[in-house]
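Notes for the structure review
Below, each chain spelled out in residue letters.
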Amino acid sequence: MCGIVGFVGDRPAADVLLNGLRRLEYRGYDSAGLALMGTDGALHVVKQTGKVSALAEKVRKAIPRKEVRAAHVGIAHTRWATHGLPTEANAHPQVSADGKIAVVHNGIIENYAAVRAQLEGRGVVFASQTDTEVLAHLIAAYEHGDLLAAVMEALRRVDGTYGIAVVSTEHPGQVVVARKGSPLVVGVGDGETIVASDVSAIVSMTRNVIYLQDGDVGVVTADGVRLYGLDTSASVERPVASVEWEVGAAEKEGYEHFMLKEIFEQPSSLRNALRGRLEMNRGTAILSGLNLTPRELAGIRRCVIVGCGTSLHAGMVGKYLFEGLADVPTSPEQAAEFRYCNPILAPDDLVIAISQSGETADTLAAVREAVQKGTVVAGLCNVVGSTIARETGRGVYLHAGPEIGVASTKAFTSQVAVLLLLALKMGRGRRLSREEGMTLCREIEGIPGLVEQVLAQNERIAQVAEKYAQVRDAFFIGRGILYPTALEGALKLKEISYIHAEGYQAAELKHGPIALLDESVPVVALLNDIPGKEKTLGNVEECRARKAPVIGIVTAGDEAATAAVADVIEVPRTSSYVAPIVTAVALQIFAYHVARLRGCEIDQPRNLAKSVTVE
Ligand code: AGP
């Protein structure tokens, strides 16, 4: 997803902007650019397809060093193409015809074609295929000495979503920002102010941040930011929050990739997710952020879990947890499908929105649809202050720390762990006994240690990965709670190694997909020693009869399952409820090593974005 950085201060803006873009690279992009306020009253605009490093090199060549050092105001952008190819002309900043105004934008201007036609009818010549360029020309059209007013006038004429930063040579000491649907955060430093798409670009400079909300428009200067409402033009106050991250959390700290670091962080991230939330002597969980009384929780008749990608897979695991532990009918829904199907909801339903970033457009829209229907809505997010976290108004933070790798790993296991806590809590409000709850509490408390056992298999799993690193297709099969786990394993492999991998219910293979099996198509079978294993072993035999090599995820010591497969990845013995977590970690490691052996760009896979804030 696009990344925005803006700066006003008393030091070279280029350093801040380029460092900020580097910290936003994980969001996924295909081109980058920046605009610096020149000392000669003109803007220096440099844009480049490809990586931020290529942009930095081009800045060095295009602008005299003295001028770069003297420019203390600027904006910058990494573009994930939505309208128009990844070309230099389509890269941001987009500039007004007179070259005085530059805009960087994250989001989609939905009525850009009509606005563009109007502007072209007035003689404006466009230089790009982007929707963003209409903003640059509109702001120029309304610029009569007040940049803030001009930006407001322009934004009142567009539909869609935006996070924008704007500079003008007529107002050299300021950056105007605005937010509707795409996050923007302002970092308030000592005599300097930075604005960015998320805190990872800010946290190395200051922990004091202001989260803009939809409809906010602001003037950023070296002294901070003044915010106003787009609808009312009235002044708006937003609280200054303190970022809890450690600066190093957004660094690789010796790992080759962020993804590998985040895989190995999981014992710690799971401890953070569980910390203070297990009440061992009562066999229940403490989830105060839900803001639901025991009576309200007991009154929930049905759960609907909405999410996308990995978060949807966590929600699918949640179905088995909620129905198995709390007898609460639960329906996981793909968020985009949910928002457009006119969902049937009742006031005593609970809708849970799962989103690591808290900014995924489809999941946010699903939240708004559920709120519209008068349902109780809770968020399971990792990013504090994110839009979904704020708009649900209740929920449970993962506390997993920043997840930089585009492929989600520690967020998934923490999402499942939090869902397990919620299932325990709801179960104890129904038929789950104190003793059963205490037993489960003890197992949950032991999850980080179980994950450590899986991590200890890293080298062994890498050896298995080496055998299969060059395949073109693969299947992942599982039953019951291991089916969504199989989907997640397939997603990990496909999104970082580009191997076509499919997750399937184990029983479903013989109803068609088995036609694709031969000796070149490996099948990863989730054979944890939990109910359903014997049936899946039968499916494994069907695969072997078609000469497909089978990789078994096997409970340590299970000789029968080990004998049934070509290669084994062992996981510790667990209940059904914890099996998805230890199995997912094994599958993350497998996918990582396959992608590494294939020389893939693991942290920023092609075509992908960390947070999909567009439909
Ligand atoms: C998972 O590895 C992917 N990065 C993607 O499927 C992701 O889970 C999905 O886009 C949802 O993101 P969210 O959790 O931030 O809402």
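Look up: the structure comes first, before these words.
What comes next is a walk through the structure. Just so we're clear, the structure is a prediction, and the values are computed from it rather than from any experiment.

With respect to spatial proximity, 14 residues lie near the ligand, and among them S311, S355, T360, V406 and E495 are the closest. At 2.7 Å from an oxygen atom of the ligand is found a main-chain nitrogen or oxygen belonging to Q356. Alone, the ligand offers 410 Å² of accessible surface; in the complex the protein occludes 91% of this. Mapped by element, the contributors of at least two residues to the shell around the ligand are α10 (309–326) and α18 (482–497). A breakdown of the residues in the shell around the ligand according to their chemical character gives four nonpolar, eight polar and two charged.

Let's shift gears to the packing of aromatic side chains. Counted according to the given criterion, the structure contains two aromatic pairs. Ring geometry for F475 against Y504: centres 5.9 Å apart, planes inclined by 50 degrees, an arrangement best described as tilted. Of the two residues, F475 is situated in strand β23 (residues 473–478) and Y504 in strand β24 (residues 500–505); the sequence distance between them amounts to 29 residues. In this arrangement the basic side chain of R606 is found over the ring face of Y498, its NZ or CZ atom lying 3.9 Å from the centre.

This paragraph deals with helix α4 (residues 112–121). Those residues of α4 not exposed but buried are V115, R116 and L119. Taken down its axis, α4 places every buried residue within 100 degrees of arc, on the same side. Exposed positions of α4 whose direction lies more than 90 degrees from the buried face are Q118 and G121.

This part is about the side chain of H257. By the element assignment, H257 lies in the loop between β15 (241–242) and α7 (258–264). With a relative accessible area of 12%, H257 lands in the buried category. When near neighbours in sequence (up to four residues on either side) are disregarded, H257 contacts K252, Y592, I602 and D603.

Rules behind the numbers
- Residues numbered from 1 in each chain as written.
- Predicted model: local features only at pLDDT ≥ 70, side-chain atom pairs only at ≥ 80, totals over all residues.
- Heavy atoms only, no water.
- Near = heavy atom within 4 Å.
- Polar contact = N/O pair within 3.5 Å; in protein donor to acceptor, adjacent residues only side chain to side chain.
- Areas by Shrake-Rupley, 256 points an atom, 1.4 Å probe, with all protein chains shown as cover.
- Helix = DSSP H or I, 4+ residues; strand = E, 2+ residues; numbered from the N terminus.
- Nonpolar A, V, L, I, M, F, W, Y, C, P; charged D, E, K, R; others polar.
- Phe/Tyr/Trp six-rings, centres within 6.5 Å; stacked < 30°, edge-to-face > 60°.
- Lys NZ or Arg CZ within 6 Å of the ring centre and 35° of its normal.
- Buried < 20%, exposed > 50% of the residue type's maximum accessible area, 1.4 Å probe, protein only.
- Arc of directions from axis to C-beta.
- Contact = heavy atoms within 4.5 Å.

Scope: geometric values only; no functional claims are made or implied.
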